[in-house]
Amino acid sequence: MLYTPRDAGSHMLLLLLIGASLVVNPPEAAFGDCRPALCGLVASGNLPTLRWPDFLDYQTRVQRFYEPTNYAFAWSDKDGATRQATAIIEILKDADAKGLDSEDYDGSRWAGRLTALDRAQFDLSLTVSVMRYISDLHFGKVNPGLFQAGSDRDEMYRDDLASFVRSLVTATDVRRELDGIEPPYAGYRRTQEALRRYIALAREEQPALLPLTKKPVDPGSSYAAAAQLAAVLRRLGDLPADAAVAPNTYEGALVDAVRHFQARHGLEPDGRLGKATLAQLNTPIGHRVRQLQLTLERWRWVPYSFPRPPVVVNIPEFELRALNSSYETELEMKVVVGKAFHHQTPVFTADMKYVIFRPYWNVPRSIQRAELVPKLDRDRSYLANNGYEVVTAQDAVVTNGLVDDALLAQLRSGELRIRQIPGPENALGLVKFLFPNEHDVYLHATPATALFSKYRRDFSHGCIRVEKPEQLAAWVLREKPEWTPERIRDAMDGTKTLQVTLDTPIPVLIVYATAVVLKSGEVRFLEDIYGQDVQLDRLLAKGYPYRP
């Protein structure tokens, strides 16, 4: 997910206008002498003709929308639906193209609805539906705090959705106004374009599944399903339409296309047709559509502006991108993230404030108890042989040599701590990038560079190891001219721990997206390594008000 500048004008104003879907039930007295038909419907908080009849989470905003006109009809007149109402209905019916579900806004129910319902029911139906659509399109359907630590939807919202919807009643161009509330990122727009393509593919006749093989098919081997494989790869865009393919042999352009497909799906591009590759080739297009939809939902959780272009780490992609002043990718590198089992890297946003050269590694107490203490039980010289030392809570060194029974007991209880001294073998490498957060997660170098050659890279205890730490340091310190590449190298190879404080913090976004659309238009689909897509999909399936 990459940041691009937000357009000026009305787009920024929307951040102050659009309200949240908070559950606030106004007291009956708030409606006073509720005589108009619309007032009574609003007071009930429930409209049976809607797909999702309960609108209590929007009741206060609907009330504010109608009160200034004493509950006069907003979307119809003596001649029927207004021009603005008709435009909104067409937009709601096309919500699928935005990665939403048109049925959440009664997409298939609008035909003939004005005549089938009385004017009051029609008016309220449209008001509730467009409020839901605006909120969903701008902020997403679910509270991102359920998936992103420290990101509470309620705090993100401003509370005047009613005013914005009221402005649509007389808007000259409703579609333009609603287009202006979407996230301002180029990556978001590319994801929508990819979604349209994959929705179209899903509507086409699906080819038969490729046959499974007892062992991988190697390049140059005979392969009876070569023509069928070629059809699948052409359909997905990995094999050029005019590429020549041998009828029963797996070779040439077909192998190149498989390698391209593998690279797009987080697999080692070895060109072999093994179990994992065939599973991805046989994945229904509908699943890809859902990945794109869930990614668009997550795009809507991203803040709409940043004080500086951020560093973005996408966990399932195992990639870091640092952006330049034009908000294009200036630096990209592989990363290693937390293990899927028990050590998942959290999704959150924080500000990078420090770069620390030749850092100590203060071993977390959980690792100390579960991993190092058992090793000391077996070998009392383990710390000395691996560059560790025992310290107090105040970082006073107790020993960097043998550990006796008394010290071991204090380490086991947590009274004393273990830290690793700086140097090339330090678990953090020669530099770390600190963005203070409650998870004690940061970016850092690593001596275990061989792991970057893996295509699935979840190996850490939660922190994020970076492939090119020296280049990242140069990018982070680019506004400090005294920090030349040579000085950075000297600091990493020096003898002292050195902390550099940034003049202006840099936002760091740790995100989770299993579909990534590159600037070229290429779509990458990634494994849901932490199961967060499954969780989000399950929550969205519950419908409004999307509570766990």
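This section reports on the structure supplied with the text. The shown structure was predicted, so the numbers you read here are calculated from the model rather than taken from an experiment.

### Let's talk about the pairing of strand β6 (residues 348-357)
Consecutive residues of a regular strand have side chains that alternate between opposite faces of the sheet.
Inference 1: One ladder, built from 9 bridges, connects β6 with strand β15 (residues 498-511); its direction is antiparallel. The residue of β15 that forms the bridge with F348 is I510.
Inference 2: Pairing of β6 with strand β11 (residues 431-434), which is carried by 4 bridges, proceeds in the antiparallel orientation. Counterpart to V355 in the pairing with β11 is F433.

### Let's talk about the sheet that holds strand β9 (residues 397-399)
Inference 1: Ordered by their spatial adjacency, 4 strands build an open sheet running β7-β10-β8-β9, and the pairing between neighbours is antiparallel. Looking at which strands have only one partner, the edges of the open sheet turn out to be β7 (361-362) and β9.
Inference 2: As judged from the 2 bridges shared by strand β8 (residues 388-391) and β9, these two strands associate in the antiparallel manner. Bridge pairing in β9 links V391 to V397.

### A look at the side chain of N314
Inference 1: Considering the arrangement of structural elements, one finds N314 in strand β3 (residues 311-314).
Inference 2: According to the relative accessible area criterion, N314 is buried, its value standing at 1%.
Inference 3: A polar contact of 2.9 Å, which involves the side chain of N314, links it to the backbone nitrogen of A513.
Inference 4: Beyond its immediate stretch of four places on either side in the chain, N314 contacts E319, V511, Y512, A513, V516 and L526.

### With respect to the nonpolar core
Inference 1: Ranked by internal contacts, the top residues of the largest apolar core, which has 95 residues, are Y66, W75, L124, Y223 and L229.
Inference 2: Broken down by element, the residue count for this core peaks at 10 residues, all from helix α6 (residues 119-139).
Inference 3: In this view, Y66 contacts L38, V42, Y71, A72, A74, W75, D123, L124, T127 and R166; residues no more than four positions away in its chain are not counted.
Inference 4: Counting residues in each nonpolar core, the second largest holds 63 residues, with V363, V390, L430 and F433 among its members.

### A short note on the packing of aromatic side chains
Inference 1: Per the counting criterion, the structure on display carries 15 aromatic pairs.
Inference 2: Residues Y223 and Y250 carry aromatic rings whose centres are separated by 6.3 Å and whose planes lie at 70 degrees to one another, so their mutual orientation is edge-to-face. Taken together, the residues span a long stretch of sequence, with Y223 in the loop between α10 (186-203) and α11 (226-236) and Y250 in the loop between α11 and α12 (253-264) at a distance of 27 residues. Across the pair, Y250 and Y223 agree in class, each one buried.
Inference 3: Ring centres of Y382 and Y388 lie 6.2 Å apart, and the angle between their planes is 20 degrees; this geometry places the pair in the stacked category. Neither Y382 nor Y388 differs from the other in exposure class; each is buried.
Inference 4: Of the aromatic side chains, those joined through ring pairs into one cluster are F65, Y66, Y71 and W75.
Inference 5: If you follow R132 out to its NZ or CZ, it ends over the ring of Y544, 4.5 Å from the centre.
Inference 6: A cation over a ring is seen here: R419 above Y360, with NZ or CZ 4.0 Å from the ring centre.

Procedures and definitions
For every chain, the first residue of its written sequence is number 1, and the numbers climb from 1 along that sequence. In keeping with the predicted nature of the model, local features appear solely for residues at pLDDT of at least 70, side-chain atom pairs appear and are counted solely at 80 or more, and the whole-chain, interface and lining totals rest on all residues. Hydrogens are left out, water is left out, and the side-chain values use all remaining heavy atoms of the structure. DSSP bridges decide pairing: two strands pair if at least two such bridges lie between them. Helix and strand assignments come from DSSP, with helices taken as H or I runs of at least 4 residues and strands as E runs of at least 2, each series counted from the N terminus. Residue burial is assigned from relative accessible area. The probe radius is 1.4 Å, only protein chains are included, and a residue is buried under 20% of its type maximum, exposed over 50%, and partly exposed in between. Whenever two N or O atoms come within 3.5 Å, that pair is a polar contact, provided that in protein one can donate a hydrogen and the other can accept it, and provided that, for residues adjacent in sequence, both atoms are side-chain atoms. Note on contacts: a residue pair is in contact if any heavy atoms of the two residues lie within 4.5 Å. Only buried Ala, Val, Leu, Ile, Met, Phe, Trp, Tyr and Cys residues count toward a nonpolar core, and they belong to the same one when joined by side-chain atoms within 4.5 Å. Here is the rule: rings of Phe, Tyr and Trp (six-membered ring for Trp) pair when centre to centre is within 6.5 Å. Planes less than 30 degrees apart are stacked, more than 60 are edge-to-face, and the remainder are tilted. A ring is considered to have a charge above it if a Lys NZ or an Arg CZ atom is located within 6 Å of its centre and within 35 degrees of its normal.

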